[in-house]
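# Inside the fold
Single-letter residue listing:
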Amino acid sequence: MEAPTKMKEVLTGTTIIACTYDGGVILGADSRTSSGNYVANKVADKITKVCDKVYLCRSGSAAHTQAVAGYANLYLNQHAIELGDKGCSVKAAANIVKEIAYGNKAWMNAGMIIAGWDKKEKGKVFVVPLGGTLMDVPFAVGGSGSIYINAFVDRNWKPNMTKEECKSFVRKAVSLAISRDGSSGGVIRTVTVNEHEQVKEFVTGNEVPVYQDEIQSKGPPQVEFVSV
Amino acid sequence: KRSIDRRRRRRRRRRRRGGGRRRREGSDQTRRFFFWRTRRRRQGKVVFCFLFFVLWGWVDQNKRSERDHEEEGSMLASERKPQGFDFDLCKRNDWLEKQGLKTLKPWSTGTTICGVVFKDGVVLGADTRSTAGETVADKNCEKIHFMAPNIYCCGAGTAADTENVTGMISSQLELHRFRTGRESRVVTSLTLLKSHLFRYQGYISAALVLGGVDCKGPHLFTVFPHGSTDALPFCTMGSGSLNAMAVYESGYKEDMTKEEAMELTKRAIRAGIFNDLGSGSNVDLCVITADGAEYLRNIDMPNPRTFTAVPAPFKIGSTPVLKSKDLPVPSLETQVTVETTATAMDMS
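Residues numbered from 1 in each chain as written. Chains lettered and ligands numbered in written order. Predicted model: local features only at pLDDT ≥ 70, side-chain atom pairs only at ≥ 80, totals over all residues. Heavy atoms only, no water.

### Notes on the overall build of chain A
Looking only at helices and strands, chain A features four helices and 13 strands. Taken over 228 residues, chain A has a buried fraction of 48%. Long-range pairs, those at least 24 residues apart, make up 63% of the contacts in chain A between residues at least 6 apart in sequence. Just so you have it, chain A exposes about 11300 Å², and 52% of that area is on carbon and sulfur atoms. (Helix = DSSP H or I, 4+ residues; strand = E, 2+ residues; numbered from the N terminus. Buried < 20%, exposed > 50% of the residue type's maximum accessible area, 1.4 Å probe, protein only. Contact = heavy atoms within 4.5 Å. Areas by Shrake-Rupley, 256 points an atom, 1.4 Å probe, with all protein chains shown as cover.)

### Re the interface of chain B and chain A
The interface is formed by 27 residues belonging to chain B together with 20 residues belonging to chain A. Inspection of the region where chain B meets chain A yields one salt bridge. With a shortest N-O distance of 2.7 Å, B:Glu249 and A:Lys42 are connected by a salt bridge. Here chain B is connected to chain A by four residue pairs in polar contact (both at pLDDT 80 or more). Taken together, the elements giving at least two residues each to the side of chain B that touches chain A come down to α5 (186-199), β9 (229-231), β10 (234-237) and α6 (241-251) of chain B. Per-element tally for the side of chain B that touches chain A: the top contributor is α6(B), with four residues. For the side of chain B that touches chain A, the residue count by class is nine nonpolar, twelve polar and six charged. (Salt bridge = Lys/Arg side-chain N within 4 Å of Asp/Glu carboxyl O. Polar contact = N/O pair within 3.5 Å; in protein donor to acceptor, adjacent residues only side chain to side chain. Nonpolar A, V, L, I, M, F, W, Y, C, P; charged D, E, K, R; others polar.)

### Quick look at the side chain of B:Thr265
Note that B:Thr265 resides in helix α7 (residues 258-275). Setting aside chain neighbours within four positions, we find B:Thr265 in contact with B:Cys114, B:Val116, B:Val123, B:Leu124, B:Gly125, B:Tyr248 and B:Leu285.

### Concerning the UniProt feature "active site" (unreviewed entry) in chain B
Residues and elements named next belong to chain B. Here the UniProt feature "active site" (unreviewed entry) sits at Thr111. Among the secondary structure elements, Thr111 is positioned in the loop between α3 (88-99) and β1 (113-117). Those residues in contact with Thr111 that sit more than four places away from it in its chain are Asp127, Lys143, Gly155, Ala156, Met237, Gly238, Ser239, Gly240, Asp276, Gly278 and Ser279. Here the side chain of Thr111 touches Lys143 through a polar contact of 3.0 Å, side chain to side chain. (UniProt positions renumbered as here; feature names shortened; annotations may be inferred.)

### What to know about the pattern of salt bridges
Tallying each qualifying case throughout the model produces 18 salt bridges over all chains. Between A:Lys200 and A:Asp45 there is a salt bridge; the shortest N-O distance is 2.7 Å. Of this pair, A:Lys200 sits in strand β13 (residues 198-203) while A:Asp45 sits in the loop between β5 (38-41) and β6 (47-51), and the two are 155 residues apart along the sequence. Since its relative accessible area comes to 47%, A:Lys200 is described here as partly exposed. What makes A:Asp45 partly exposed here is its relative accessible area of 32%. For the salt bridge of B:Asp300 with B:Arg270, the shortest nitrogen-to-oxygen distance reads 2.3 Å. Of this pair, B:Asp300 sits in strand β12 (residues 292-300) while B:Arg270 sits in helix α7; the two residues are 30 residues apart in sequence, bridging distant segments of the chain.

### Considering the sheet that holds strand β7 (residues 54-60) of chain A
Residue and element names in this part refer to chain A. Spatially, β6-β7-β8-β9-β10 is the arrangement adopted by the five strands of the open sheet, whose pairing is antiparallel. Strand pairing shows two members of the sheet lacking a second neighbour, β6 and β10 (135-137), which therefore form its edges. Each neighbouring strand pair of the sheet contributes to a mean axis angle of 30°, computed without reference to strand direction. Pairing analysis gives three bridges linking strand β9 (residues 122-128) to β10, with the strands arranged antiparallel. The residue bridging Phe126 from the neighbouring strand is Asp136, located in β10. Seen against the sheet, helix α2 (residues 90-103) touches β7, β8 (110-118) and β9 and runs at an angle of roughly 165° to β8. (Pairing = 2+ DSSP bridges. Axes fitted to C-alpha atoms, helices over the stretch in contact; angles between N-to-C directions.)

### A few points about α5(B)
Residue and element names in this part refer to chain B. The end-to-end C-alpha separation of α5 is 20 Å, in line with the 20 Å expected for 14 residues at 1.5 Å each. Three or more residues of α5 are buried, namely Val186, Ser189, Leu190, Leu193, Lys194, His196 and Leu197. When α5 is viewed along its axis, its buried side chains cluster within an angular range of 165° and face the same direction. (Expected span 1.5 Å × (residues − 1). Arc of directions from axis to C-beta.)

### Digging into a nonpolar patch on the surface
A cluster of nonpolar side chains, namely B:Val47, B:Phe50, B:Leu51 and B:Val54, defines an oily patch on the protein surface of about 390 Å² accessible area. Tracing the backbone shows B:Leu51 in helix α2 (residues 28-68). (Patch = residues over 30% accessible without salt bridge, like charges linked within 9 Å, V, L, I, M, F, W, Y side chains within 5 Å.)

### Structural notes on the sheet that holds β12(B)
All names here are of chain B. The strand order across the open sheet formed by five strands is β10-β1-β2-β11-β12, and the pairing between neighbours is antiparallel. With one partner strand each, in any of the chains shown, β10 and β12 form the two edges of the open sheet. Strand-to-strand twist across the sheet, computed as the mean angle between neighbouring axes with direction ignored, equals 15°. Of the pairings in the sheet, the one linking strand β2 (residues 121-126) to strand β11 (residues 283-289) comprises six bridges and is antiparallel in character. When the bridges of β11 are listed, Val122 appears paired with Ile288. Its contacts with the sheet place α6 against β1 and β10, and it is angled at close to 165° to β10. Along the sheet, α7 makes contact with β1, β2, β11 and β12, crossing β11 at roughly 150°.

### Section: the UniProt feature "active site" (unreviewed entry) in chain A
Residue and element names in this part refer to chain A. If you check UniProt for "active site" (unreviewed entry), the listed places come out as Thr14 in our numbering. In contact with Thr14, not counting residues within four places along its chain, are Asp30, Lys46, Arg58, Ser59, Gly142, Gly143, Ser144, Gly145, Ser146, Asp181, Ser183 and Ser184. At a separation of 3.0 Å, a polar atom in the side chain of Thr14 contacts the side chain of Lys46.

### Section: unusual backbone geometry
With phi around 70°, A:Lys53 is a residue other than glycine that occupies positive phi space. Assignment of secondary structure puts A:Lys53 in the loop between β6 and β7. Even without being glycine, B:Ser281 reaches a positive phi, approximately 65°. With respect to the element layout, B:Ser281 can be found in the loop between α7 and β11.

### A closer look at the confidence of the model for chain B
Looking at chain B as a whole, the pLDDT averages 86, with 88% of positions reaching at least 70. For this predicted complex, the interface confidence reaches an ipTM of 0.83, while the overall pTM sits at 0.71. (pLDDT = per-residue confidence, 0-100.)

### Regarding the state of the cysteines
Under the defined criterion, the tally for this structure stands at zero disulfides over all chains. In this model A:Cys57 remains outside any disulfide bridge; the closest cysteine sulfur is found in A:Cys19, 10 Å from its own. Considering cysteine sulfurs only, B:Cys154 is the nearest to B:Cys286, which forms no disulfide, with 7.6 Å between them. When its relative accessible area of 0% is taken as the criterion, B:Cys286 is described as buried. (Disulfide = S-S within 2.5 Å.)

### With respect to the pairing of β12(B)
Note: β11(B) against β12(B), six bridges, orientation antiparallel. Considered in β12(B), the bridge of B:Cys286 is made with B:Tyr295.

Here it is, written out as structure tokens:
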């Protein structure tokens, strides 16, 4: 027997997505965190609240992103004291995350999507990928599973969708990524943020849609056409 | 010296010879000119001195900010000096190893630890084997560490790291309890542990299962060596974690009773003990509820010692006596009288 080796770092190896719709934003993520080949947590929550009505999707190293989320929460709470009723803007939150990510770029492995609702700009999505850039985008995908759904999301996202359309779009995108990416799996978590509400939901593992080759059927394989 | 005096005296006489007046009587204009010239010269000197000190102060100020910001370096991340943990001693140890010095292998707990949330609280379980490489260093070690009266923490990884980290955070929690006058919360200990471990970027090899009951209810968390945490209804850590997780996955249900949870945890640890080489010996449990914590040390001992280390002594009379002889042994007692001149201490 070999001496126990140093534990592999826990990575979120993920699929995260956020997109705007008419009146707010919807964030979505899978729920698998892996440590090497072992699934350390199959029901992880990768969508963290950093401020009232602003959420952060985490991908990359679990430790790094949890630390960044903690710092962002601290700074934004301090900032919110000064703002009072006005409420924290998504742009401010995104900039704070960017400062931390860019300033520590040499030692960090964290790709994050910041999305939320504020009074001035309504629904907003910002993405801070690995190097610490900050981009203001109408929709964004991140994590290891995002590469499989880039084309799908580019083709199928429309501006000014309704809430239900957007939610099913987000869930479909994450389920497609789960079916192809080994580091993504578990449940599909979604957070809906708009002027009136912040709703956290999830689709249980057995209800996550499966696609062609995963379905066991006696007859010819049922091929589902994903609308283009 | 005398010549200087003579010279001075001659000069003074010469001056006096010229009459009482030292200067020629000048006109009003000339007098005014000289008056203002000396005034301006004096002012000039004052202004010059003032400017000199101002300049000096300004230069010094710049130098001071330079001194203060010496350590900060440039804004570019690539040009900055490395911050954080200092690895110079690690380099020295590597060099020593290359020179042939054998380093001690740190004791690893090579463990099975687990925890599960039940209806009224949490149950934490651990095995009791501590390994140093391929040998068992401690057959009955304690892996469930006290953090607070309502919080306990199981530790896997390097024994020194887990014991010291949990001990350190435990004392911080106690100080915090004195400060606040309240029972410690599990999330407090979680944040202290995760920020400490994150600071050391995974080099403190402590994988922990933290469980407790506070005013917000029962909590169970895992803490990884790099500083990430997860909140779960059941979790396992250590080399035997896969074995224990298999038992939990098949046997867990929501809102178990205390007995069910204890039985499930015992089974999970036993799975680790018998199927993982890094875990063994006995099962320790810790049941924490709102009423308090029960630390059940060695509740299950599935590996009893069935052989005796020392053979049973021979019965008296089993060896035949052939000859016996009594030898007088001189007395070793001697009388010693101690004479002291000291008087007893007066305590009145």
